[in-house]
Amino acid sequence: MALMTGNEYVESLRKLNMEVYIFGERVECPVDHPIIRPSLNSVKMTYDLAQEPEYEELMTVTSHLTGKKINRFAHIHQSTEDLVKKVKMQRLLGQKTASCFQRCVGMDAFNACYSTTYDMDKKLGTNYHEKLKKYIIYCQENDLTVDGAMTDPKGDRGLAPSAQADPDMFLHIVERREDGIVVRGAKAHQTGIVNSHEVLVMPTLSMTEADKDYSVCFALPTDTKGIKMIYGRQSCDTRKLEGSKVDVGNPKFGGHEALVVFDNVFVPNDRIFMCGEYEFSNSLVERFAGFHRQSYGGCKVGVGDVLIGATALISDYNGTKKASHIKDKIIEMTHLNETLYCAGIACSSEGHKTAAGSYEIDLLLANVCKQNVTRFPYEIARLAEDIAGGILVTLPSEADLNSKEVGHYVEKYLKGVATVPTITRMKVLRFIENLTLGTAAVGYRTESLHGAGSPQAQRIMISRQSNLEAKKQLVKDILDIDI
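Residues numbered from 1 in each chain as written. Predicted model: local features only at pLDDT ≥ 70, side-chain atom pairs only at ≥ 80, totals over all residues. Heavy atoms only, no water.

K.L.:
I'd like a rundown of the environment of I326, residues and numbers included.
P.N.:
Turning to its location among the elements, I326 is positioned in helix α8 (residues 324-349). Exposure remark for I326: the relative accessible area of 5% places this residue in the buried category. Ignoring any residue separated from it by four or fewer positions in sequence, one finds I326 in contact with S315, T320 and I387. (Helix = DSSP H or I, 4+ residues; strand = E, 2+ residues; numbered from the N terminus. Buried < 20%, exposed > 50% of the residue type's maximum accessible area, 1.4 Å probe, protein only. Contact = heavy atoms within 4.5 Å.)

Structure follows, in structure tokens:
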């Protein structure tokens with residue numbers, strides 16, 4: 001089975017016995033939980049679109065490992081064209097779901113680990129690369145969704161992993177056995193983990209020799225004994241329990257994050273891809289961060305397309321579409337959104353071949369891309385809120401609209417353009433609220449700031465990659481300066 005259908009994907013999750021908690025209670029069937037299901041629908045879209053001939057070129061690709069047709073989310077990039085198509089695929093999915101579709105992290109983890117394990121084997125004589133390739137083939141042939149897990153809770157940010165008062169603030173090896181290792185700790189902010197078949201764990205930062213027990217990379221099924229998922233709250237999340245398709249904003253799709261605890265979890269040898277090789281932790285982190293920062297030039301742009309469309313639509317319904325300042329604000333939203341896309345395409349087009357044979361993005365431009373993403377979506381969201389009007393945050397509920405006592409007042413006084421039904425206007429307003437302030441804001445506005453690392457992390461990488469000495473030399477060459 002190289003490609004699952006969306007329905008097959010959903011049924012495959014039913015077979016897993018994941019340990020998931022929401023509001024302090026274990027969830028018996030995450031697939032059917034009303035808070036989780038919209039996020040699962042977003043991942044399902046990555047399977048559904050891969051079945052459609054119209055999107056085959058973006059959504060599928062031939063595996064360089066098996067020669068078989070696979071979902072692009074399980075692919076190891078083989079050219080700059082692959083890198084560009086990745087961004088275009090992510091924009092498409094953002095447009096289709098108006099949310100986070102959750103498979104990007106695993107794809108980026110695959111590609112970062114692929115080149116890093118090759119370099120490790122070449123220098124150290126280990127066999128991690130071959131084990132990783134077998135694992136990737138397994139995921140490709142079964143069309144699995146893989147959660148990439150990098151971010152640790154970190155505890156005291158001023159201390160190294162090995163210097164923490166509580167050693168579990170960074171996931172680490174607690175026991176080495178002949179058949180594998182035992183690990184303990186947690187990974188925070190894990191996007192899509194509850195909708196994933198597998199989790200691929202990586203170190204979170206550059207390690208020293210003292211931190212070698214924290215320099216670990218491995219993969220496991222998400223229902224492995226000892227893995228516990230604590231579902232993260234989102235603004236307006238309990239609206240999904242109320243039964244209103246209007247008040248949730250986006251009734252079909254969503255995203256999610258979770259705190260994932262590894263409580264003395266056993267990892268067999270064939271699933272270990274780094275085990276104490278601390279000197280390679282930095283390259284793995286930087287490569288993953290680069291790939292994931294590239295991703296934001298696609299997914300956030302796709303969601304931005306939907307937000308711009310919703311903003312233009314509400315201006316129609318409000319009767320303000322002809323106002324020059326409204327037109328200008330929508331132009332600005334479009335300009336900012338396309339600028340993000342430019343950076344995503346640029347860092348892909350300027351990619352290069354690695355020693356492992358895979359292709360990597362231009363790290364400088366990828367970090368510039370993500371730095372822009374930490375800013376522009378906030379302005380896009382602000383302009384959307386501006387155009388929508390104050391009713392965006394004072395809107396009564398669908399239950400009020402349907403009330404025998406006050407429904408006629410809501411119907412009367414919340415109408416905009418006379419030809420547009422009040423409920424239609426309410427749907428679009430709630431949709432904009434969802435994208436800018438509600439549950440989808442986790443996958444758009446807030447994630448734009450903190451996803452793939454903090455803004456300062458990108459600025460550090462921009463500084464490292466900017467090659468100031470070469471720029472100084474340009475001036476010296478022009479002016480014939482030799483000192």
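K.L.:
Please provide a residue-by-residue account of the pattern of salt bridges, values included.
P.N.:
Per the counting criterion, the structure on display carries 32 salt bridges. Put simply, R14 and E11 hold a salt bridge, and the shortest N to O gap is 3.1 Å. Taken together, the residues R14 and E11, both in helix α1 (residues 6-14) and three residues apart, mark about one turn of the helix. On the basis of relative accessible area, R14 is assigned to the partly exposed category, the value being 36%. (Salt bridge = Lys/Arg side-chain N within 4 Å of Asp/Glu carboxyl O.)

K.L.:
Tell me about the UniProt feature "domain: HpaB/PvcC/4-BUDH N-terminal" (unreviewed entry) in the chain, and name the residues and values.
P.N.:
Sequence positions flagged by UniProt for "domain: HpaB/PvcC/4-BUDH N-terminal" (unreviewed entry) are, in local numbering, residues 5-274. The span residues 5-274 is 29% helical and 22% strand by assignment, and the distance between its end C-alpha atoms comes to 33 Å. (UniProt positions renumbered as here; feature names shortened; annotations may be inferred.)

K.L.:
Give a detailed account of the pairing of strand β7 (residues 180-187), specifying residues and quantitative values.
P.N.:
Of all eight residues making up β7, seven are buried, and the element is well covered by its neighbours. Direction of pairing for strand β6 (residues 172-177) relative to β7: antiparallel, over a ladder of five bridges. Looking across to β7, one finds that R176 is bridged to I181. In this structure, the hairpin formed by β6 and β7 is closed by a connection of two residues. (Pairing = 2+ DSSP bridges.)

K.L.:
An account of the domain arrangement of the chain is needed here, citing residue identities and associated values.
P.N.:
Partitioning the chain into structural domains gives domain 1 (4-278) and domain 2 (282-472). In this structure, domain 1 and domain 2 have C-alpha centres spaced 23 Å apart. Taken together, the contact pairs 54 residues of domain 1 with 51 residues of domain 2. Both sides of the domain 1 and domain 2 interface together cover about 4200 Å² of buried area, and 64% of this is carbon and sulfur. (Domains from an automatic or database assignment. Buried area = accessible area lost by both parts, 1.4 Å probe.)

K.L.:
How would you summarise the packing of helix α4 (residues 80-97) against α8 if you had to cite specific residues and measurements?
P.N.:
To describe two helices that pack against each other, one gives the angle between their axes and the distance between the axes. Between α4 and α8, the least distance of the axes is 7 Å, while the angle of their chain directions is 155 degrees. Taken together, the axes of α4 and α8 lie roughly antiparallel to each other. Judged by the twist between their axes, the crossing of α4 over α8 is right-handed. From α4, T80, L83, V84, V87, K88 and R91 reach across to α8, where they touch N337, E338, Y341, G344, I345, S348 and S349. (Axes fitted to C-alpha atoms, helices over the stretch in contact; angles between N-to-C directions. Parallel < 35°, antiparallel > 145°, perpendicular 65-115°, else oblique. Left-handed = near helix turned anticlockwise from the far one by under 90°.)

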